[in-house]
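Inside the fold
The lines below spell out each chain.
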Amino acid sequence: NRSPSPVPKVGVAVFLLKGKNVLLGRRLSSLGHNTFALPGGHLEFGESFEECAAREVKEETGLDIQKIEFLTVTNNVFSEEAKPVHIVAIFMRAVLADPHQLPQNIEPDKCDGWDWYEWNNLPKPLFGPLETMVQGGFNPFPSD
Ligand code: 8DG
Ligand code: MG
Ligand code: MG
């Protein structure tokens, strides 16, 4: 039985910012199981990064976002997995279109639930790619 050669994929993850807080959820997927991660998912054919960010946040949390901006990109090779995964991760930031809107856990098979966490007091363990960025001093907030 031939399985196709694995190829890199593109992931888009969103730092949804509210005051000093970011939205995180504990992953229930096998990749990064039980770690806290940003909302996000895989880029679909023909999508812009901004479109993918808005779609994935809506699909996973029900939230509508605005001021969607590109922040950075990282290269993530999960070579320890049973099925190795290689994901080029695009990191965006955004804010709520309606600051009063509350996150819903729309994909309960993939996420334990969404909540706001203070940037200076992030939960543990963070999803690997996010942990690496935080360790490196990355800050998603506008600098002004
Ligand atoms: P989809 O089927 O809805 O398209 O995908 P998904 O099931 O929602 O994908 P995902 O794993 O949540 O996100 C895609 C990839 O993006 C993920 O496997 C690795 C990469 N990624 C990071 N950091 C983060 C993060 O903090 N959150 C999310 N959601 N993905 C991230 O490198
Ligand atoms: Mg996701
Ligand atoms: Mg998704």
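Presented here is a report on the structure given in the accompanying data block. (Residues numbered from 1 in each chain as written. Chains lettered and ligands numbered in written order. Predicted model: local features only at pLDDT ≥ 70, side-chain atom pairs only at ≥ 80, totals over all residues. Heavy atoms only, no water.)

Quick look at the site of ligand 1 now. Taken together, the neighbourhood of ligand 1 is formed by 19 residues, with Arg27, Leu38, Gly40, Glu60 and Lys110 sitting nearest. Glu56 places a polar side-chain atom, nitrogen or oxygen, 3.1 Å from an oxygen atom of ligand 1. Between ligand 1 and Glu60, the relevant distance is 2.8 Å, taken from an oxygen atom to a side-chain nitrogen or oxygen of the residue. Considering ligand 1 on its own, with 610 Å² of exposed area, one finds that the protein chains cover 87% of that surface. (Near = heavy atom within 4 Å. Polar contact = N/O pair within 3.5 Å; in protein donor to acceptor, adjacent residues only side chain to side chain. Areas by Shrake-Rupley, 256 points an atom, 1.4 Å probe, with all protein chains shown as cover.)

Here we take up the side chain of Thr35. Here Thr35 lies in the loop between strand 2 (21-27) and strand 3 (36-37). Judged by relative accessible area, which is 11%, Thr35 ranks as buried. A distance of 2.6 Å separates a polar atom in the side chain of Thr35 from the backbone oxygen of Gly32. Beyond its immediate stretch of four places on either side in the chain, Thr35 contacts Gly25, Arg26, Arg27, Pro125, Leu126 and Phe127. (Helix = DSSP H or I, 4+ residues; strand = E, 2+ residues; numbered from the N terminus. Buried < 20%, exposed > 50% of the residue type's maximum accessible area, 1.4 Å probe, protein only. Contact = heavy atoms within 4.5 Å.)

Attention shifts here to unusual backbone geometry. Note the cis peptide between Lys124 and Pro125, where omega equals -5°. One can find Pro125 in the loop between strand 7 (111-118) and helix 2 (128-135). Phi at Asn34 takes a positive value of approximately 70°, unusual for a residue other than glycine. As for its position among the elements, Asn34 is in the loop between strand 2 and strand 3. Non-glycine residue Lys67 carries a positive phi angle of around 50°. Checked against the element boundaries, Lys67 lands in strand 5 (residues 65-78). Exposure remark for Lys67: the relative accessible area of 62% places this residue in the exposed category.

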